[in-house]
Amino acid sequence: ACWGSNSSGQIGDGTQINRARATSVVGISDPRAVANGSSHTCAILQDRTAACWGSGANGRLGNGSNNSSLVPTAVLQLG
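Bear in mind that the values here come from a model prediction, so they are computed numbers and not experimental data.

### Examining the pairing of strand 4 (residues 40-44)
Where strand 3 (residues 33-36) and strand 4 come together, four bridges link them in antiparallel fashion. Bridge pairing in strand 4 places V34 opposite A43. Here strand 3 folds back onto strand 4 in antiparallel fashion, the turn holding three residues. In terms of strand pairing, strand 4 meets strand 5 (residues 50-54) through five bridges, oriented antiparallel. Residue pairing in the sheet places C42 in a bridge with C52 of strand 5. As consecutive antiparallel partners, strand 4 and strand 5 are separated by five residues, and within that stretch R48 has a phi angle of approximately 70 degrees, a positive value.

So, in structure tokens, the structure goes:
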């Protein structure tokens, strides 16, 4: 769950509505770890892949583009 400012979609609930209470992230129920920046959030999932959401500026979502996402998007894996 995430909460707080959501101006860039960094809560991951598919909206840009600020949330004062914990809100479920679309498609993520039991992450191994979560980290956030000022306008994006990333999670390591149980299968050891990663997903990020929020502002995609400067490639911060790790998906090969600068596009933002209001819901988790898979991080491109090396290899």
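### Description of a nonpolar patch on the surface
Where nonpolar side chains cluster on the molecular surface, the patch consists of V26, L70 and V71 and spans about 190 Å² of accessible area. Looking at where V26 falls in the secondary structure, it is placed in the loop between strand 2 (19-23) and strand 3. Overall, the relative accessible area of 42% leaves V26 in the partly exposed class.

### Let's talk about the sheet that holds strand 6 (residues 69-74)
Reading across from one edge, 3-4-5-6 is the order of the four strands in this open sheet, with antiparallel pairing throughout. Edge strands, defined here as strands with exactly one partner in the open sheet, are strand 3 and strand 6. Going from strand to strand, the sheet's axes swing by 15 degrees on average, the running direction of each strand aside.

### Quick notes on the layout of surface pockets
If you add up the space inside the largest pocket, you get close to 180 Å³. If you trace the largest pocket, you find 13 residues lining it, with C2, W3, Q10, N36 and T41 closest to the centre. Every element with two or more residues in the lining of the largest pocket is listed here: strand 1 (2-4) and strand 3. Across the lining of the largest pocket, the residue classes break down as six nonpolar, seven polar and no charged.

What counts, and at which threshold
Residues numbered from 1 in each chain as written. Predicted model: local features only at pLDDT ≥ 70, side-chain atom pairs only at ≥ 80, totals over all residues. Heavy atoms only, no water. Pairing = 2+ DSSP bridges. Helix = DSSP H or I, 4+ residues; strand = E, 2+ residues; numbered from the N terminus. Patch = residues over 30% accessible without salt bridge, like charges linked within 9 Å, V, L, I, M, F, W, Y side chains within 5 Å. Areas by Shrake-Rupley, 256 points an atom, 1.4 Å probe, with all protein chains shown as cover. Salt bridge = Lys/Arg side-chain N within 4 Å of Asp/Glu carboxyl O. Buried < 20%, exposed > 50% of the residue type's maximum accessible area, 1.4 Å probe, protein only. Axes fitted to C-alpha atoms, helices over the stretch in contact; angles between N-to-C directions. 1 Å grid on protein atoms, 1.4 Å probe; cavity = no way out; pocket = protein on both sides within 12 Å on 5 of 7 lines; lining within 4 Å. Points joined across faces, edges and corners; volume = space filled by probe spheres on them. Nonpolar A, V, L, I, M, F, W, Y, C, P; charged D, E, K, R; others polar.

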